[in-house]
Every structure is written in structure tokens, then in C-alpha cells.
Amino acid sequence: SLFAASNSIRATLSAILESATIMSHRQPCPCNWRECCIYTYDKGDPWEGVFRIAPLDNQKNDELRRVVEHHLKIPQEVRSLRKEYWVRCHHWNRSLIMEQLKPNPLMGRRKKLSTPIPVELATRYNLTDQIDRCRITSDTIQFMASPNNPESAVKDWFQLQNSQKNSR
């Protein structure tokens, strides 16, 4: 009905404005997705918010930045202009965020995004591409938490979330 469509449009616009407010003090996500900014999520959703990719200043940050720039195809001119990136959370695997990265009062402190992940965990989150392998010398093979979600998966989840809201 026209009323339901109007409410759906209003909800989508509200979500976009809320997202813009969250990121207004920061630069936009540096990824190459044309519709990255329209994918918005409810408070508490693992994909709501951004991760800060720190400037090049230590090995862990350098490794994380390397895989982020690779997977998100960040243009060279953006790389040279920005000391840090604010990357939308939906670029990462939902389970990885919930289980390893975002704070949870029941689980205590979580890993930092720049902390290399052991091969067993990396396999569970599909982070075992050669490009994701951590180049920091270690006794074990480790991988970086790369933003390897395809846009199609994020778009499908976003559409499913919106269709569930509209059916309520």
C-alpha cells in the first residue's frame, strides 16, 4: 500500500541520515563501492559503525592497512592523502566482528583489529588468501582480519533486514 511504501521510504531516509550523523565528524569510507553509504544497520548490529585504520606507525597497523587497501581497492591518491581511514564495519565478516572484535560485556576485552589471527581462526572466517597472510615474523602462521565481504552479501543482508522491518 501507499502508506507502507511511505513508511519504508521514511525509515530508509532516517537510517541514511543517522548513518551520516555517525560518520559526519570523519571522512567517508574509502572503499570503491558506489552504494556503501546506503547500507545502514540498527544500533547493536555488528555491521553498525566504523573501524579506524590507524596511520602507518607500527608493523601491525602497516599490515592491516596493506590488506584493507588491497581488498577495498583504495585508490593511490586516497592512500597518499589520508593518514587514517574510517572503514564501515560491513566490509568485515559478521561472525568475526561478533566473536572477536566488537566489545561484549559477557566476554570481556576483544582483539584489536590490527592483531594477527591464528590460522585456525582465520580458516573459520575465510581469511586465508595469500594477501591476508601476516608478514610479521612469528613462530606460527597468522593472518590479518581483512575486509573481504563482497558487496553482494552486504546488499543481500541489508535488503533482508529491511524486508523484515517492513513486514512487522
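Look up a bit, the structure's there.
Here we summarise the structure given alongside this text. All values reported here derive from a predicted model rather than from experimental measurement.

Another point: the pairing of strand β2 (residues 85–88). Of the two faces of β2, the one lined by Tyr-85 and Val-87 and the one lined by Trp-86 and Arg-88 are each fully buried. Relative to β2, strand β1 (residues 50–53) is paired through four bridges, and the arrangement is antiparallel. Bridge pairing in β2 places Val-50 opposite Arg-88.

A few words on the side chain of Arg-88. In this fold, Arg-88 is placed in strand β2. An unpaired buried charge is present at Arg-88: no salt bridge exists, and Glu-48, the closest side chain of opposite charge, is 8.2 Å distant. One polar contact links the side chain of Arg-88 to the main-chain carbonyl oxygen of Cys-36, over a distance of 2.9 Å. Looking at Arg-88, its side chain comes within polar contact range of the main-chain oxygen of Tyr-39, at 2.4 Å.

Among the structural elements, Glu-99 can be located in helix α4 (residues 94–101). The spacing of Glu-99 and Lys-111 is 12 residues in sequence and 9.5 Å in space, taken between C-alpha atoms. Once residues within four sequence positions are removed from consideration, Glu-99 is found in contact with Arg-110, Arg-124 and Tyr-125. Polar side-chain contacts of Glu-99 include one of 2.5 Å to the side chain of Tyr-125.

Opposite charge on two side chains lets them pair, provided their charged atoms get close. Under the definition given, this model contains eight salt bridges. Across the pair Glu-99 and Arg-124 runs a salt bridge whose closest N-O atoms are separated by 2.9 Å. Taken together, the residues Glu-99 in helix α4 and Arg-124 in helix α5 (residues 119–124) connect sequence positions 25 residues apart. On the accessibility criterion, Glu-99 (36% relative accessible area) is partly exposed. Among the residues examined, Arg-124 registers a relative accessible area of 53% and is labelled exposed.

On to helix α2 (residues 59–71), then. Between its first and last C-alpha, α2 extends 19 Å over 13 residues, near the 18 Å set by a 1.5 Å rise per residue. Every buried residue of α2 is accounted for by Asn-61, Glu-63, Leu-64, Arg-65, Arg-66, Val-67, Val-68, Glu-69 and His-71. Of the surrounding elements, those touching the buried residues of α2 are β1, α3 (76–81) and β2. You can read the cap of α2 off the contacts: a side-chain oxygen lies 3.0 Å from the backbone nitrogen of Lys-60, and it is on Asn-58. One or two steps after α2, the chain reaches Lys-73, where phi turns positive at roughly 50 degrees.

Within this structure, the stated rule accounts for six aromatic pairs. Note on Trp-33 and Tyr-39: the rings are 6.4 Å apart at their centroids and 80 degrees apart in plane angle, and the pair reads as edge-to-face. For the pair Tyr-41 and Phe-158, a centre-to-centre distance of 6.4 Å together with 80 degrees between the ring planes defines the contact as edge-to-face. Here Tyr-41 is found in the loop between α1 (2–23) and β1, whereas its partner Phe-158 is found in helix α6 (residues 151–166), with 117 residues between them in sequence. Put simply, the rings of Trp-33, Tyr-39, Tyr-41, Trp-47, Trp-157 and Phe-158 pair up and form one aromatic cluster. Cation over ring: Arg-65 sits above Tyr-85, and NZ or CZ is 4.2 Å from the ring centre. Here the basic side chain of Arg-94 rests over the ring of Trp-47, its NZ or CZ set 4.7 Å away from the ring centre.

This next bit is on the nonpolar core. Grouped together as the largest cluster of nonpolar side chains are 34 residues, with contacts concentrated most on Ile-53, Val-68, Val-87, Trp-92, Leu-96 and Leu-113. Among the secondary structure elements, those contributing two or more residues to this core are β1, α2, β2, α4, α5 and α6.

Helical geometry note: an α-helix holds 3.6 residues per turn, so side chains three or four residues apart project in the same direction. Between its first and last C-alpha, α6 extends 22 Å over 16 residues, near the 22 Å set by a 1.5 Å rise per residue. Listed in full, the buried residues belonging to α6 are Val-154, Phe-158, Gln-161 and Asn-162. For α6, the buried positions fall inside an angular range of 95 degrees around the axis, keeping them on one side.

Rules and cut-offs
Residues numbered from 1 in each chain as written. Predicted model: local features only at pLDDT ≥ 70, side-chain atom pairs only at ≥ 80, totals over all residues. Heavy atoms only, no water. Buried < 20%, exposed > 50% of the residue type's maximum accessible area, 1.4 Å probe, protein only. Helix = DSSP H or I, 4+ residues; strand = E, 2+ residues; numbered from the N terminus. Pairing = 2+ DSSP bridges. Lys, Arg positive; Asp, Glu negative; His and termini not counted. Salt bridge = Lys/Arg side-chain N within 4 Å of Asp/Glu carboxyl O. Polar contact = N/O pair within 3.5 Å; in protein donor to acceptor, adjacent residues only side chain to side chain. Contact = heavy atoms within 4.5 Å. Expected span 1.5 Å × (residues − 1). Phe/Tyr/Trp six-rings, centres within 6.5 Å; stacked < 30°, edge-to-face > 60°. Lys NZ or Arg CZ within 6 Å of the ring centre and 35° of its normal. Core = buried A, V, L, I, M, F, W, Y, C linked by side-chain atoms within 4.5 Å. Arc of directions from axis to C-beta.

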